[in-house]
Amino acid sequence: MTLQRACTPSEARDVVRAWQREGLRVGFVPTMGALHEGHLSLLRASAAECDRTVISIYVNPTQFAPTEDLAKYPRRLDADCRAAAEAGADLCFCPSDAVMYPDGFATYVVQEGLTGVLEGASRPTHFRGVLTIVCKLLHGVPADRAYFGQKDFQQTVVVRRMVRDLGMPVEVRVMPTVREPDGLAMSSRNAYLNAEERVQALCLSTALKEAQRLYAEGRTDADALREAMRRTIAEAPLARPDYVEIVDRETLEPLQTVTGRAVAVLAVKVGETRLIDNAPFGEGED
Ligand code: AMP
C-alpha cells in the first residue's frame, strides 16, 4: 500500500476515523523524523499489532530550549516517508509549525512531579512541549494504540501518566531500545558525533551493562551501582555526565536498594552532544 500524507489534524482525522468505521484497529508512532531502526521497529510493531499504522513526522519546537539544537535537528521528509512506508506505515501526518502552533497559541499540557526530575531538571520546559504535542497529535490521529520507545524512558512514564490522568482513549505501548551492534542506543542525535566522540559514546551503554552485571551478581546497593556507572563514564575523557541515577520505574524516585522495579537512567554529554540511555533491572530488561 502506498503512503498517504496528511498536513492538518482534520485531514489525518478523516482518514483515521474512516478506517475505524470499517472496524480497523489503528496504531500511531509519533516521531521527529530522521528515521533510524529504532523508529522503524516501532512502525513494524504497530504494523504487526494493528490493521493500519500512522506515523507523524514533526520537529516540535516547544520541546527544545532556546539553547538546544532545534535549527540543526536533521530533517529529511522524503527519505523518511519511503522508509516509513517500507516499515508498514499507511499514513504520514506531517503538519507545519503554523498548523500546530497558530498565532496566539497559549495552551499547554503541564504535569507536576514526574516532569521536574532527571530530564526535566536539566530541561525544564521539555516535557511541557512533549506532552502538549503528544496531546495535539492524538487529536489529529485518534489511534487505538500509540507506540513509544523505551529509549526515552521518562517520556514513556510521563506520557502514560497524562493518558491516565486525562482519560485519553488510547493504549500506550512501549517497545525495547534498538541499539547499534556495539551497544550504543540508536538516536537521531548520534549523527552529531565525530569519530572519537562516537567511540567514547559507548560509555553510556557500557556503564549500564556494568550496573546490570553487578545486580546479576547479587549487588543491590544502589549507591555502589551508581558509583560503578560513574567510574565507567569517567574513563571516557570527552564524556561529562549530567545525571547517573537508579530510580523507581513508576515514581522516578531515587532508590537505595535495587529491585525489579528499578531502572538505571543516565544523560551524558559527549563533546557537545547530549545523549540519554537507560536499562531496567529484572523483568522487562531490553
Ligand atoms: P524521536 O524522533 O526522537 O522523537 O523518537 C520518536 C520515537 O522513537 C520515541 O518514542 C522514541 O522513544 C523512539 N525511539 C528513538 N530511538 C529509539 C531506539 N533506539 N529504540 C527504540 N525506540 C526509539
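About the criteria used
Residues numbered from 1 in each chain as written. Predicted model: local features only at pLDDT ≥ 70, side-chain atom pairs only at ≥ 80, totals over all residues. Heavy atoms only, no water. Near = heavy atom within 4 Å. Polar contact = N/O pair within 3.5 Å; in protein donor to acceptor, adjacent residues only side chain to side chain. Areas by Shrake-Rupley, 256 points an atom, 1.4 Å probe, with all protein chains shown as cover. Helix = DSSP H or I, 4+ residues; strand = E, 2+ residues; numbered from the N terminus. Nonpolar A, V, L, I, M, F, W, Y, C, P; charged D, E, K, R; others polar. Pairing = 2+ DSSP bridges. Axes fitted to C-alpha atoms, helices over the stretch in contact; angles between N-to-C directions. Parallel < 35°, antiparallel > 145°, perpendicular 65-115°, else oblique. Left-handed = near helix turned anticlockwise from the far one by under 90°. Contact = heavy atoms within 4.5 Å. Buried < 20%, exposed > 50% of the residue type's maximum accessible area, 1.4 Å probe, protein only. Right-handed = clockwise from strand over helix to strand, strands pointing away.

## Notes on the site of the ligand
- Near the ligand there are 17 residues, and of these Met 32, His 39, Asp 152, Val 178 and Met 186 occur at the shortest range.
- At a separation of 2.9 Å, an oxygen atom of the ligand approaches a polar side-chain atom of His 39.
- One of the side-chain N or O atoms of Asp 152 is found 2.7 Å from an oxygen atom in the ligand.
- Protein chains bury 92% of the 480 Å² of accessible surface belonging to the ligand in isolation.
- For the shell around the ligand, the secondary-structure elements that each account for two or more residues are strand 2 (26-31), helix 2 (37-49) and strand 5 (145-149).
- Residues belonging to the shell around the ligand are distributed by class as follows: eight nonpolar, seven polar and two charged.

## Details of the sheet that holds strand 7 (residues 239-248)
- Here three strands make up an open sheet; going across it, the order is 7-8-9 and the pairing antiparallel. Each edge of the open sheet is held by one strand with a lone partner, namely strand 7 and strand 9 (273-280). Across the sheet, the mean angle from the axis of one strand to that of its neighbour is 15 degrees, orientation sign disregarded.
- Pairing geometry for strand 8 (residues 262-270) and strand 9, over eight bridges, is antiparallel.

## Side note on the packing of helix 6 (residues 126-140) against helix 7 (residues 153-165)
- The contact between helix 6 and helix 7 brings their axes to 11 Å, and the two run at 55 degrees. Classed by the angle they form, the pair helix 6 and helix 7 counts as oblique. For the pair helix 6 and helix 7, the sense of crossing is right-handed. Where helix 6 abuts helix 7, its residues Phe 127, Val 130, Leu 131, Val 134 and Cys 135 lie against Gln 154, Gln 155, Val 158, Val 159 and Met 162.
- In the contact of helix 6 with helix 7, the residues fall into eight nonpolar, two polar and no charged.

## Looking at the pairing of strand 2
- With six of its six residues buried, strand 2 lies for the most part within the structure.
- Sheet topology note: the strand 2/strand 3 (residues 52-57) ladder contains six bridges and is parallel. In the sheet register, Val 26 faces strand 3, and the bridge partner there is Arg 52.
- Once you follow strand 2 into helix 2 and on to strand 3, the crossover reads as right-handed.

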